[in-house]
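These are the residues of each chain, in order.
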Amino acid sequence: MSSTGTANTRIPVTLIPGDGIGPECVGSARRILEAAGAPIEWEECQAGAEVFKRGLPSGVPPETMDSITRTRVALKGPLETPVGFGEKSANVTLRKLFETYANVRPVREMPGVKTPYSGRGVDLVIVRENVEDLYAGIEYAQTPGVAECLKLISVKGCEKIARFAFEYARSEGRASVACATKANIMKMTEGTLKRVFEEVAPDYPDIESWHVIIDNCAHQLVKRPEQFGVIVTTNMNGDIISDLSSALIGGLGYAPSANIGNEIAIFEAVHGSAPKYAGKDVINPTAVILSAVMMLRYLELFEQADAIEHAIGVTLESGVLTGDVMGYDKGTPTTVYTDAIISNLGKRSETWTVREHTPLKLPKLAPEADYVRPATRAVVGLDVFIESPFSATELGASLMELTADTKLSLKMVSSRGTKVFPPTGAITDTLDHWRARFIIRENPGDLPDDDVHELLQRISSRHRWMHIEKLQEFDGELGFTRDQGEN
Ligand code: NAP
C-alpha cells in the first residue's frame, strides 16, 4: 500500500515519543522493530505536553507537521490533553489535520493472558470514524448557563468510513461488518451512517452486514463478543466501545490502533499517557508494539510484522506478563518484557496464528465539496435561539406580540428539545435558553434575508438571541427534527 524498504533503502517514519508512559512504550516498540531488522529511518519529533508548555495552543509544532507531511507515516505515543478547558487535544488535531478518517482498533484474545473471556476467541476490529461527530470540538457557551457542542456528520464522511470498513473486512478475510449507531434517537446525524451503510452494503455481497443500536452493541460486546467481525461506528461511540472491548482481552495494554487516511497514516495505542505509571518501568508496551506491527504491514514489511507478532505470542505464552495483568508489584518490568520479546524473535508461537492480509483498497470518492446535490430545496421557517429569564408562557406571549405582523409566525418555543409553548401540560424544568420556531406564513420555499433581519430586530427589541438556524427541506425531506411534544 505504501513505500517498501529493501536491504539498501530505509523508510522514513516520524516518531513521536509522547507524554507520560509514551516514551517507555514507544522506546520498547522501536527497540523491537530495530531488532527485527525493520528498515526504518526514524525522524523523532515532539507533540503534546511539552509543546503546550512552550505556549503553542495546538500542541503540534510546525516541524512535526512538516515531518509527517514528508514521511506520510507516524508512530506516536499518547499525548496528554488538558481536560475541560483551554487547549485542544493534540491527538485529535493530528488526526484531523491529516484527514486520517478511519481509526482501526483490533481487539484479539492474546495467548497466555487470562481473562473471563479466555478461550472464546474474541477477535474483532472496531472501525471508528475519526474526524467528524462531536470530536470536531465545535462548542459554544450559548448562554452563561448552557453550552452546545455541534455533532457534524456528513454523507461523504459516512460513505468513506462505511466503504473503508467493508474494504478492511475484505483485506483481512473477515465475514461480517456490523454498523453501530444511535440512529433511533439521532435520526439525522447517526441516522446518516446507518442509511449510507445500508446503501453501500450491496456493493460487498461477499460480506454479511447488519445494523445494531450502539447501546445494544455495548451489551452484546460484553455478552457475546465472538459474534462480531468488524464494527463500524461514529467517532464518540467508537471511542467508548473500543475501550470497553479492550477490557475483554486484558485491557488497554493490548489494544493497538491505526489512524488511516488516503494520504497519511498514524499508528498509536488506544490508551492514553497513564501519567501515574510514567517512568516506573511497569507499564505494558504491547499496545504500542502491536500498533507498530500494523504500521509494518501498512509499509508492506510483512516478514518483520509476522516475526514480532510471533515473538509477542511466545513471550506471553511463557508467562512473561506485565503489571497491568499480574499486579504492579509482581509484573515483569517493561524493559525486561521488551528484552524477552527481542530474545524470542525468530521463534513461532504455538497458539498464535498470523492473520492473512491482502492489500487494503482505500475507497476513493469523488472529491467535490458539494458531494450531495438535491434536485429541490426550500426554506420553510427559522429557529431562533434566545437567552431569557422569562417563563415559557411569558416568552411565548412576548414573541407572538413582537412578531405578529412579520412574514413568520411563532409555532412553538422549546427548552432543550421539549415543546413548552403553547403549554402542553408537561412538567419541564426550564433554563435561560430557549428555541423559538417560526414558520413562514405564506408561500414557504424562500426566506429573503430582509425577512430574517426584520424578525431578529423585533426579537432584539426585548430579548437576546444568540443563534439562528434555517428550517430547510431537501428533495422534499425535512432537514430538521421535530421537538418532543411538537406535531
Ligand atoms: P489512560 O492513559 O489510557 O489510562 C487509563 C488506565 O488504563 C490506566 O490507569 C491503566 O489502568 C490503564 N492503562 C493504560 N495504558 C496502559 C498500559 N500501557 N499498560 C497498562 N495499563 C494501561 O487514560 P486516562 O487516564 O483517561 O488519560 C490520561 C491522559 O491521556 C489524558 O490526558 C488523556 O487525554 C490522554 N489520552 C491520550 C490518548 C492518545 O494519545 N491517543 C488516548 C486516550 C487518552 P490501571 O490503573 O487500572 O492499571
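Residues numbered from 1 in each chain as written. Predicted model: local features only at pLDDT ≥ 70, side-chain atom pairs only at ≥ 80, totals over all residues. Heavy atoms only, no water.

Draft legend 1. Local environment of the pattern of salt bridges. Per the counting criterion, the structure on display carries 35 salt bridges. Among the ionic pairs, Asp-239 bridges to Arg-105, the shortest N-O distance being 3.7 Å. Residue Asp-239 is found in helix 8 (residues 235-248), and its partner Arg-105 is found in strand 4 (residues 102-108); the two are separated by 134 residues along the sequence. Asp-239 gets classed as partly exposed once you look at its relative accessible area, which sits at 22%. In this structure Arg-105 comes out as buried when scored by relative accessible area, which is 3%. Among the charged side chains, a salt-bridge network with shared partners connects Asp-123, Glu-172, Arg-174 and Arg-355. (Salt bridge = Lys/Arg side-chain N within 4 Å of Asp/Glu carboxyl O. Helix = DSSP H or I, 4+ residues; strand = E, 2+ residues; numbered from the N terminus. Buried < 20%, exposed > 50% of the residue type's maximum accessible area, 1.4 Å probe, protein only.)

Draft legend 2. View of the confidence of the model for the protein chain. Scored by pLDDT, the protein chain comes out at a mean of 94, with 97% of its residues at no less than 70. This model gives residues 1-5 a pLDDT under 50, and the stretch forms 15 contacts once residues within four places in sequence are excluded. (pLDDT = per-residue confidence, 0-100. Contact = heavy atoms within 4.5 Å.)

Draft legend 3. Main features of the sheet that holds strand 11 (residues 256-260). Taken together, the ten strands give an open sheet; going across it, the order is 2-1-3-12-11-4-5-10-8-9, and neighbouring strands pair in mixed fashion. The open sheet has two edge strands, strand 2 (40-44) and strand 9 (208-213), and neither has a second partner. For this sheet the average axis-to-axis angle between neighbouring strands, irrespective of direction, equals 25°. Pairing of strand 4 with strand 11 involves three bridges; the strand directions are antiparallel. Bridge pairing links Asn-103 to Asn-259 in strand 11. Running at roughly 155° to strand 5 (residues 123-129), helix 5 (residues 155-171) makes contact with strand 4, strand 5, strand 8 (176-181), strand 9, strand 10 (230-233) and strand 11 of the sheet. (Pairing = 2+ DSSP bridges. Axes fitted to C-alpha atoms, helices over the stretch in contact; angles between N-to-C directions.)

Draft legend 4. Fine view of the sheet that holds strand 16 (residues 433-440). If you walk across this open sheet you meet the six strands as 15-14-16-13-17-18, and the pairing is antiparallel. The two strands at the open ends of the sheet, each matched to only one other strand, are strand 15 (418-421) and strand 18 (477-478). Two strands pair when backbone bridges link them, and strand 17 (residues 464-474) and strand 18 are joined in this way by two bridges, in the antiparallel orientation. Its bridge partner being in strand 18, Phe-474 is matched across the sheet by Glu-477. Most of the contacts of helix 14 (residues 449-460) go to strand 13 (residues 377-387), to which it runs at about 20°, and overall it touches strand 13, strand 14 (408-415), strand 16 and strand 17.

Draft legend 5. Seen up close, the packing of helix 1 (residues 22-35) against helix 12 (residues 334-343). It is the contact of helix 1 with helix 12, at a shortest axis distance of 10 Å, that shows an interaxial angle of 15°. What the angle tells us is that helix 1 and helix 12 run roughly parallel. In this structure, the crossing between helix 1 and helix 12 has a hand that is right-handed. Contact residues: helix 1 offers Glu-24, Ser-28, Arg-31, Ile-32 and Ala-35, while helix 12 offers Thr-334, Thr-335, Thr-338, Asp-339, Ile-341 and Ile-342. (Parallel < 35°, antiparallel > 145°, perpendicular 65-115°, else oblique. Left-handed = near helix turned anticlockwise from the far one by under 90°.)

Draft legend 6. Layout of the packing of aromatic side chains. Counted according to the given criterion, the structure contains seven aromatic pairs. Here Phe-166 and Phe-197 contribute two aromatic rings whose centre-to-centre distance is 5.2 Å and whose plane-to-plane angle is 15°, an arrangement assigned as stacked. Highlighted residues: Phe-166 in helix 5 and Phe-197 in helix 6 (residues 190-200), separated in sequence by 31 residues. Phe-166 sits in the buried class, given a relative accessible area of 0%. (Phe/Tyr/Trp six-rings, centres within 6.5 Å; stacked < 30°, edge-to-face > 60°.)

Draft legend 7. Highlighting the nonpolar core. Of all hydrophobic cores here, the largest spans 90 residues; its most connected members are Phe-164 and Met-295. Tallying contributions element by element places helix 9 (residues 286-298) first for this core, with ten residues. Apart from residues lying up to four places away in sequence, Met-295 is in contact with Val-13, Leu-33, Ile-40, Trp-42, Val-73, Ala-74, Leu-75 and Phe-267. (Core = buried A, V, L, I, M, F, W, Y, C linked by side-chain atoms within 4.5 Å.)

Draft legend 8. A look at helix 12. Buried within helix 12 we find Thr-334, Tyr-337, Thr-338, Ala-340 and Ile-341. Down the axis, helix 12 shows its buried residues gathered within 160° of arc, on one side only. On its buried face, helix 12 is in contact with helix 1, helix 9 and helix 10 (302-317). (Arc of directions from axis to C-beta.)

Draft legend 9. Seen up close, unusual backbone geometry. Note that the residue after Phe-421, namely Pro-422, is joined by a cis bond; omega there is -10°. With respect to the helices and strands, the residue Pro-422 is situated in the loop between strand 15 and strand 16. Of note in this structure, Arg-72 is not a glycine but carries a positive phi near 70°. One can find Arg-72 in the loop between helix 3 (62-71) and strand 3 (73-76). On the basis of relative accessible area, Arg-72 is assigned to the partly exposed category, the value being 36%. Of note in this structure, Asp-475 is not a glycine but carries a positive phi near 50°. As for its position among the elements, Asp-475 is in the loop between strand 17 and strand 18. Residue Asp-475 is classed as partly exposed on the basis of its relative accessible area, which comes to 44%.

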